[in-house]
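Geometric and topological summary
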Amino acid sequence: MDETVRRSAELFIAQAHDRNITTASLTLDDGTTVQLDRTLAELMQFVIRTLPSGAVNVQSVPSEMTSTTAASVLGISRPTLMKLVQDGLLPSHKVGAHHRFKHADVAILAEARRAARLDAFTRLRELDDSLEGAE
């Protein structure tokens, strides 16, 4: 990935903080402006937020996923995933003996985990700043 693209994504993330894109408009090469709906704007946000961490692969995703795929998307182990299901933090349904997960439910949990990490980091940074000021 081009370093300029990565830096642009980082700049956008810094400016947006924890706010979300709700609409977006694009200007085409002939000067025409096209308004994107919320779902496409959210996809753009996902791609932009993912860019600084490495390559982005955009592809269609089935509406349901297996436990192995869901765990991979969340960056956790299958046993941890199943604990989230048992604790009621991630809905699932069974197909035979196997759990299946709606893509949207996994995406919501992934975003919530990202936001929680960001919040924890922000609070840690604020604590560090306050401790430096006390010296």
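Preceding this section is the structure that the text describes.
Below: a short report on this structure. (Residues numbered from 1 in each chain as written. Predicted model: local features only at pLDDT ≥ 70, side-chain atom pairs only at ≥ 80, totals over all residues. Heavy atoms only, no water.)

**Here we look at the packing of helix α3 (residues 67-74) against helix α4 (residues 78-86)**
- Look at α3 against α4: their axes get within 9 Å of each other, and the N-to-C directions meet at 95°. In terms of orientation, α3 and α4 fall into the roughly perpendicular class. Along its contact with α3, which presents S67, T68, A70, A71 and L74, the element α4 presents R78, L81 and M82.
- Residue composition of the contact of α3 with α4, grouped by class: five nonpolar, two polar and one charged. (Axes fitted to C-alpha atoms, helices over the stretch in contact; angles between N-to-C directions. Helix = DSSP H or I, 4+ residues; strand = E, 2+ residues; numbered from the N terminus. Parallel < 35°, antiparallel > 145°, perpendicular 65-115°, else oblique. Contact = heavy atoms within 4.5 Å. Nonpolar A, V, L, I, M, F, W, Y, C, P; charged D, E, K, R; others polar.)

**Section: the sheet that holds strand β5 (residues 98-102)**
- Taking strand neighbours across the sheet as the criterion, the three strands line up as β3-β5-β4 in an open arrangement whose pairing is antiparallel. With partners counted over all chains shown, the strands left at the sheet margins are β3 (64-66) and β4 (93-95), one partner each. For this sheet, the mean angle separating the axes of adjacent strands, direction not counted, is 45°.
- Examined bridge by bridge, β3 and β5 share three bridges and lie antiparallel to one another. Paired with E64 across the two strands is K102, which belongs to β5.
- Packed on one face of the sheet, helix α5 (residues 103-134) meets β3 and β5 and runs near 70° to β5. (Pairing = 2+ DSSP bridges.)

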